[in-house]
Amino acid sequence: MDLFRVENLTFSYPQAEKKALDGVSLTIKSGEFAVLCGQSGCGKTTLLKMLKRELSPHGVRQGNVRYNGTELGDLDERSAACEIGFVMQNPENQVVTDKVWHELAFGPESMGLATDVIRRRVGEMASFFGIQAWFRGNTGELSGGQKQLLNLASVMVMQPKVLILDEPTSQLDPIAASDFITTLGKLNRELGLTIILAEHRLEEVFPAADKVLVMEEGKVLLCGLPREIGRQLRAISPKHPMLAGLPSAVRIFSGLNIDDACPLTVKDGRRFLSAHFTGAIDRVEIPEYTHSQIIAAEMKNVWFRYGRDLPDVLRGVSFTVYQGESFCVLGGNGTGKTTALNVLAGLNQAYRGKIVIGGKKIKEYKGNELYRHNIALLPQNPQTVFLKNNVREDFDEICKVMEYSAAERDALIAEIAVQLGIAHLTDKHPYDLSGGEQQKCALAKMLLLKPKILLLDEPTKGIDAFAKQTLSGILRGLKAQGITVIIVTHDVEFACENSDRCALFFDGEIVSADTPNSFFAENNFYTSSANRISRHIYKNAVTCDEVIELCKRNYEAAHEQ
Amino acid sequence: MKKKDLHVILFLILAAAVLLKGTHIRSVEEYYRTHIDDITPESETVFISIRCNTVLNNRDKLNPALQSDEFVPPDGVILQKSEYVLREGDTAFDMLERAVRANRIQMEYQGGNLNVYNSVYVQGINYLYEFSCGPLSGWMYLVNGVFPNYGSSKYTLCDGDTVEWVYTCDLGCDVGCEWMEGG
Amino acid sequence: MRAFESVHPAAAFAYFISVLLVAMFTAHPVLLCEALLGAVLFCAILSAKGFWKNMASYVPLFAIIALSNPLFSHNGVTMLFFLNGNPVTLEAVLYGADIAVMLIAVIYWFQCYSFVMTSDKFLYLFGKAIPKLSLVLSMALRFIPLFKAQLIRVNRAQKAMGLYSGKSFTDKLRSAGRVLLALITWSLENAVETGDSMRARGYGLHGRSHFALFRFTGRDGVLLGISAALTGLTLTGRALGGADFAFYPRITGISTAPLSLAVYLAFGALTLLPFIIETEESLKWTYFVSKI
């Protein structure tokens, strides 16, 4: 049975030249797990909102959306609100009330259910989602992952027939994201719930999905089984930007052009590699690691805690970053990575240990000297960087503070805008930009400080695969300019591609630091999917491209004989 | 931290209050060892008396803590009509203060700087306070049988004046004050 | 979790109100001492940790109030000395001490109140009368910490760019104003999303109901009954003159008439009620544990 049938839906926002949706047709069957992917700005969010009447944006629309055979607009209010559940991207903003139990009860209260019914439903949901432990807690004290789980539970408590989710994991760390996706899979498998999920982190979503829709510029480009998508995309263009967002196994498969079933998981990927390739050449050649003799930043045995009676967050952190190097600090949530970055940036004072930046102790920097051509920190949430009504005003302000002349300022802003590809964004309000665009503009503001050392805190949070690639390109450019980059991230794949050295942060200190290929090759769990797929054959391949390259070389070697 | 601040502020206010008021400490004996001018033939004098007869008719309204001959004498007379030397510029209030001090009668007043009338207000004499005997009770004064319509510290006395301090339980009606009835 | 925390909000609220009403409108030293004792014992059980530290800070408060009263009140037959022509009397000092006991007792009771009557309980009580208000309050309680956290984040981000961290006061004020302005935009932006989330969950549908976790049990009924009876007894006894006490002009003795004793007993029992409940509970637990 078709639960949703969208026919030839076209939509444009008021005063927009481009159509946000352009002749979209699709059907979602009852019980299906459909995944919607595409670059940011392709119309995913608009399409999803058109499926939920209460959230449908205003604008010019044509075509129709049918839910259970009824035109969505003709549906009675109660079923429209209760049967179609919607979870949004930002975990924070969807929480309405201050107590967890009240949040869960919010939907049923709207439905006007009796206290006993609400009590039962809330109890049921809290048990299913494992919320009991913090059921009576404050919503403000939850982690991002817990908040998003609560948002999901408070939609599920209304017993919807279909669940629509708009990039629900983009603000979560990998472990919370993976838990969330697992929960979705469970809801789909065990309750037969129909799920429509827009997502750009596809590694774990693909194996659970029944159907994948790829959108591009307001159109549905592809619609098919997860196993077919890689091949179909490749058929459209071998360098299609969406390819970069697919799971590693799919990327390796589609990069090799072998006639076999497409693997979706690491397990399938390993089987696939074993079946088709040998390990005659088992290493990629890595240029030897060299570094400049000048130390850009150094921490020696640094200890930090937030309050006298609180536990230590940093317990003797020591590391050295050389000039022009890009250094990635990886680690789980709450290990103190971000704190270490803040201490390095002088935002928190260590109570023991030595921090040297640019050959000078951090304590010897007076006033704002540390932030003048020395160090710049791009915070996790790029929105916090902007205070003005448009990006350009923010840029001008910082130039004024840095005392650039007008000519110097205009030249510098123009140069950076071109370098980062943001020239068309400077007149917009910062909040109107997408996550990736905000990130780039915030980075531009940092670069106007002309720092020698750039600190990035979780730069890949909330941005899609394509924006990640753009960011990697920008970082390569900065490296070429001789800027030292220190990145704190959860994103193993991103770290593989963008670092000269990687370090693992655990329990308040740095436990190991090495070049990415040896670092990840030695890790068993904390490593890229590509490495996990290939490690039984190849010793040090960590990125998909490296695996593909090794496979190809082995294939050629085997066929020459 | 905040509680500490509060205490510091309170303490400072108190200290300021004490300093502003000035600190002149005397023992009880010292205070009452006051000098009364002797009456000589050439000295100008006034007569003063303090009465609370009205209370006797309103015993039921009287504050239970004052139900005693000690505070309300059986004849209603706290100070018999007595003669005192009038000093240059003495007001009705000055006279009262001197008389109660000489007779060790308790008296409490509100300074003229503390009220809107700019005149001293007598709150209580011999523990008998305003409102001690019903909501319309308090102290009033007469000079030569007339109720002056202004504060006692503004009324300058003349030779031979008779000042009577009387306690009313009914806004002056029960002691024969006419202007209070109208207003 | 303390036993009293699990009491139904209505019963707990009624209890606090009756104790406070009696304590705030009496000057009888016995009743006030009972109020203080009950509050201190209750508070000690509720927040054992910071209790003594907290207590130390009330000593100077006590002294200040007790000693400042004689400066402003000169009534009383037992004159100690004269200060600037005004008598400082023993009665005034004792009355000051009495008021100080009342004030500290009331503060302690409010501390216990805020510990027991958390925001959700309060909202539950008054939400029934005004459901919209209760939702608004709940949203506000949710929003304030959110706003604070974002304020800290923005300030840090700006500081790390060497902006808005001027040393002078006017600089600070001006930059705080700008940050606040930006944060208001941010809040509005977020409010749109919160509103979407509410509508997506059927907010605005006709016939909204009101849900709460609390259930009125027999235990709550008993507690409510006992406290009502004790309060009634205290108030009746008071009305009949059982709790009369005067400081001025001479301190009346503490009455030991049967009526007065009944008032002391009733109010004493009322103030000690939470302590008795908690003690009974913990005794039960030691008994259970010893049986295992």
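Parameters and conventions
Residues numbered from 1 in each chain as written. Chains lettered and ligands numbered in written order. Predicted model: local features only at pLDDT ≥ 70, side-chain atom pairs only at ≥ 80, totals over all residues. Helix = DSSP H or I, 4+ residues; strand = E, 2+ residues; numbered from the N terminus. Rg over C-alpha atoms; globule rule 2.2 N^0.38 Å. Buried ≥ 20, exposed ≤ 12 C-beta atoms within 10 Å, placed from the backbone. Contact = placed C-beta atoms within 7 Å. Pairing = 2+ DSSP bridges. Domains from an automatic or database assignment. Nonpolar A, V, L, I, M, F, W, Y, C, P; charged D, E, K, R; others polar. Axes fitted to C-alpha atoms, helices over the stretch in contact; angles between N-to-C directions.

Caption draft 1: Spatial organisation of the overall build of chain A. Across its full length, chain A holds 20 helices and 20 strands. For a compact globule of 561 residues, the expected C-alpha radius of gyration is about 24 Å, and chain A comes in at 25 Å, within 12% of that figure. Dimensions of chain A, computed from the C-alpha atoms along their principal axes, are close to 70 × 65 × 50 Å. Taken across its 561 residues, chain A has 51% of its residues classed as buried. A sequence separation of at least 24 residues applies to 70% of the contacts in chain A between residues at least 6 apart.

Caption draft 2: Here's a closer look at the pairing of strand S1 (residues 79-83) of chain C. Here strand S1 (residues 25-27) of chain B pairs with S1 of chain C via three bridges, running antiparallel. Residue pairing in the sheet places Arg26 of chain B in a bridge with Phe82 of chain C of S1 of chain C. In this sheet, strand S2 (residues 86-89) of chain C lies alongside S1 of chain C in antiparallel orientation, the contact comprising four bridges. What sits directly across from Phe81 of chain C, in S2 of chain C, is Val88 of chain C. In textbook terms, the turn of a hairpin is the stretch between consecutive antiparallel strands, and for S1 of chain C and S2 of chain C this stretch comprises two residues, one of which, Asn84 of chain C, has a positive phi near 55 degrees.

Caption draft 3: Local environment of the domain arrangement of chain A. All names here are of chain A. When cut into domains, chain A gives domain 1 (31-41 + 76-224) and domain 2 (295-530). For domain 1 versus domain 2, the distance between C-alpha centres works out to 32 Å. Tallying the contact residues gives 10 residues for domain 1 and 13 residues for domain 2. Here the side of domain 1 that touches domain 2 is composed, by residue class, of two nonpolar, six polar and two charged.

Caption draft 4: A look at the interface of chain A and chain C. Contacts between the two partners involve 54 residues from chain A and, on the opposite side, 42 residues from chain C. Among the secondary structure elements, those contributing two or more residues to the side of chain A that touches chain C are helix H2 (77-83), helix H3 (91-94), helix H4 (100-111), helix H5 (115-128), helix H6 (144-156), strand S16 (375-378) and helix H13 (391-401) of chain A. Ranked by the residues each element gives to the side of chain A that touches chain C, the list is headed by H4 of chain A, at nine residues.

Caption draft 5: The arrangement of the sheet that holds strand S4 (residues 60-67) of chain A in detail. Residues and elements named next belong to chain A. The antiparallel open sheet is built from four strands, whose spatial order is S2-S1-S4-S5. Each edge of the open sheet carries a strand with a single partner, namely strand S2 (21-29) and strand S5 (70-71). Of the pairings in the sheet, the one linking strand S1 (residues 2-12) to S4 comprises seven bridges and is antiparallel in character. Looking across to S4, one finds that Phe4 is bridged to Tyr67. Along the sheet face, helix H1 (residues 44-51) touches S1, S2 and S4 and points at about 125 degrees away from the line of S1.

Caption draft 6: Spatial organisation of the interface of chain B and chain C. Each partner contributes residues to the interface: chain B has 23 residues there, and chain C has 19 residues. At the level of secondary structure, the elements contributing two or more residues to the side of chain B that touches chain C comprise helix H1 (2-21), S1 and helix H2 (28-32) of chain B. Per-class residue counts for the side of chain B that touches chain C are 12 nonpolar, six polar and five charged.

Caption draft 7: Region of interest: the pairing of strand S20 (residues 509-514) of chain A. Residues and elements named next belong to chain A. Of the strand pairs in this sheet, strand S19 (residues 501-506) and S20 are connected by five bridges, and their pairing is antiparallel. When the bridges of S20 are listed, Cys502 appears paired with Asp514. Linking two consecutive strands that pair antiparallel, namely S19 and S20, is a turn of two residues; a positive phi of about 55 degrees is found at Asp507 within it.

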